[in-house]
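Take a look at the letters that make up each chain.
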Amino acid sequence: WPTVAVHLALLPTGKVLSFSHGASAVVWDPATATFVGVPNTRTDLYCAGHSALADGTLLVIGGHPPTGPGIPDVNGFDPQSQSWTIVPSMNFGRWYPTATTLPDGRLLATSGAQGCLSCFVQTPEIYNPATSSWIQLTSANSSIPLYPYMFVLPDGRILQAGDSEEATITQALDLTTQSWTAVDPMV
């Protein structure tokens with residue numbers, strides 16, 4: 001591989017996008033075993049979060065700033081044209097966030113560090129691709145450690161089943177009421 005594959009995303013084209021530190025990003029075509037460079041010169045995408053939108057665009061949130069963790073940058077990767085676009089920034093800088101695609105096509109951003117590694121962003125945000133805008137879920141504040149494991153439940157709630165390094169309670173977020181409910185209080 002021409003780069004260290006810190007992040008990988010399977011694209012709807014069957015190709016794989018990989019990115020790491022700096023501007024290095026490549027698309028690998030497993031059918032031809034070839035790589036095409038697709039550098040992102042705007043944002044160091046190291047330790048960002050990413051998830052696909054309904055149209056196939058990969059939305060990459062946050063990343064690594066030159067000083068201190070957490071940036072609000074959002075980048076879209078179009079798998080058809082294999083090009084990056086600038087998406088409106090989040091309200092908070094995030095490093096090690098999680099991006100979760102919701103059933104209605106919006107995207108939920110949770111956690112991430114801003115300012116220091118233990119300074120977790122407590123306010124989730126939702127990106128609406130129809131309006132290309134972010135809203136804050138200010139009533140859903142929760143101190144969730146980095147890279148939380150987030151899953152959409154059949155009833156539409158969002159399950160936080162853990163995180164990358166710390167033991168946490170398992171909880172569910174109701175997006176309508178912006179409230180968290182403990183599913184398992186054991187840590």
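Sequence order sets the numbering: in each chain, residues are counted from 1 along the sequence as written. Reporting of local features is limited, given that this is a predicted model, to residues whose pLDDT is at least 70; pairs of side-chain atoms are given and counted only at 80 or more, and all residues count toward the totals for whole chains, interfaces and linings. The side-chain values count all of the structure's non-hydrogen atoms but skip hydrogen atoms and water molecules.

Trainee: Can you lay out the pattern of salt bridges for me, pointing to particular residues and giving the numbers?
Mentor: Salt-bridge detection follows one rule: a side-chain nitrogen of Lys or Arg within 4 Å of a carboxyl oxygen of Asp or Glu. The tally for this structure, following the rule as stated, stands at 4 salt bridges. The shortest N-O distance in the salt bridge between Glu 125 and Arg 94 comes to 3.0 Å. On the criterion of sequence distance, the pair formed by Glu 125 in strand S11 (residues 125–128) and Arg 94 in the loop between strand S8 (83–87) and strand S9 (95–101) is long-range, its members being 31 residues apart. An identical accessibility class is assigned to Glu 125 and Arg 94; each is buried. Here Asp 104 ties to Arg 106 by a salt bridge, and the two come within 2.8 Å at their closest N and O atoms. Secondary structure follows DSSP: runs of H or I at least 4 residues long count as helices, runs of E at least 2 residues long count as strands, and numbering of each begins at the N terminus. In this scheme, a residue with accessible area under 20% of its type's maximum is buried, one over 50% is exposed, and one in between is partly exposed, where area comes from a 1.4 Å probe on protein chains only.

Trainee: If you had to explain the state of the cysteines to someone new, which residues and values would you point to?
Mentor: Cysteine sulfur atoms that pair up within 2.5 Å are treated as a disulfide. Applying the stated criterion across every chain yields a total of 1 disulfide. A sulfur-sulfur separation of 1.9 Å characterises the disulfide bridge that pairs Cys 116 with Cys 119. Sign of the S-S torsion, about 90° for the bond between Cys 116 and Cys 119, identifies this disulfide as right-handed. The class for Cys 116 is partly exposed, based on a relative accessible area of 25%. The class for Cys 119 is partly exposed, based on a relative accessible area of 33%. In this structure Cys 47 is a free cysteine whose sulfur lies 15 Å from that of Cys 116, the closest cysteine sulfur available. Taking relative accessible area as the criterion, Cys 47 reaches 4% and is therefore assigned buried.

Trainee: Just give me the short version of the sheet that holds strand S12 (residues 133–136), but keep the residues and values in it.
Mentor: Pairing between two strands requires that DSSP report at least two bridges joining them. With antiparallel pairing, the 4 strands of this open sheet are ordered in space as S9-S10-S11-S12. Each edge of the open sheet carries a strand with a single partner, namely S9 and S12. When strand polarity is set aside, the average angle formed by the axes of neighbouring strands in this sheet is 25°. Note that strand S10 (residues 107–113) and S11 share 3 bridges and pair antiparallel. Directly across from Leu 108, in S11, lies its bridge partner Ile 126. Comment: axis = line fitted to C-alpha atoms, over the contacting stretch for helices; angle = value between 0 and 180 degrees taken between N-to-C directions.

Trainee: Describe the sheet that holds strand S4 (residues 34–37), with residues and values.
Mentor: Spatial ordering of the open sheet is given by S1-S2-S3-S4, a layout of 4 strands whose pairing is antiparallel. The sheet is open, and its two edges are formed by strand S1 (7–10) and S4, each paired on a single side. Taken pair by pair, the neighbouring strands of this sheet meet at an average axis angle of 25°, ignoring direction. Pairing of strand S2 (residues 16–19) with strand S3 (residues 25–29), which is carried by 4 bridges, proceeds in the antiparallel orientation. Bridge pairing links Leu 17 to Val 27 in S3.

Trainee: Tell me about the environment of Leu 175, residues and numbers included.
Mentor: Looking at the element boundaries, Leu 175 is found in the loop between strand S15 (170–174) and strand S16 (179–184). The spatial distance from the C-alpha of Leu 175 to the C-alpha of Ile 158 is 7.7 Å, given a sequence separation of 17 residues. Note on contacts: a residue pair is in contact if any heavy atoms of the two residues lie within 4.5 Å. With residues near it in sequence (within four places) discarded, Leu 175 still touches Leu 102, Leu 108, Ile 126, Leu 137, Gly 156 and Ile 158.

Trainee: Requested: an account of the nonpolar core, with residues and values cited.
Mentor: Definition used in this section: a nonpolar core is a set of buried Ala, Val, Leu, Ile, Met, Phe, Trp, Tyr and Cys residues joined via side-chain atoms within 4.5 Å. One finds Leu 17, Val 38, Val 60, Phe 77 and Trp 84 to be the most contacted residues of the largest nonpolar core, which totals 13 residues. Those elements that provide at least two residues to this core are S2, S3 and strand S6 (58–61).

Trainee: Which residues make up the side chain of Thr 123, and what values do they have?
Mentor: On the secondary structure map, Thr 123 appears in the loop between S10 and S11. By relative accessible area, Thr 123 is classed as buried at 9%. Polar contact is defined as a pair of N or O atoms within 3.5 Å, subject to the rule that within protein one atom must be able to donate a hydrogen and the other to accept it, and that residues adjacent in sequence are counted only when both atoms are side-chain atoms. A distance of 2.7 Å separates the side chain of Thr 123 from the side chain of Asn 141, its partner in a polar contact. Each residue touching Thr 123, except ones within four places of it in the same chain, is listed here: Phe 92, Arg 94, Gln 136, Leu 137, Thr 138 and Asn 141.

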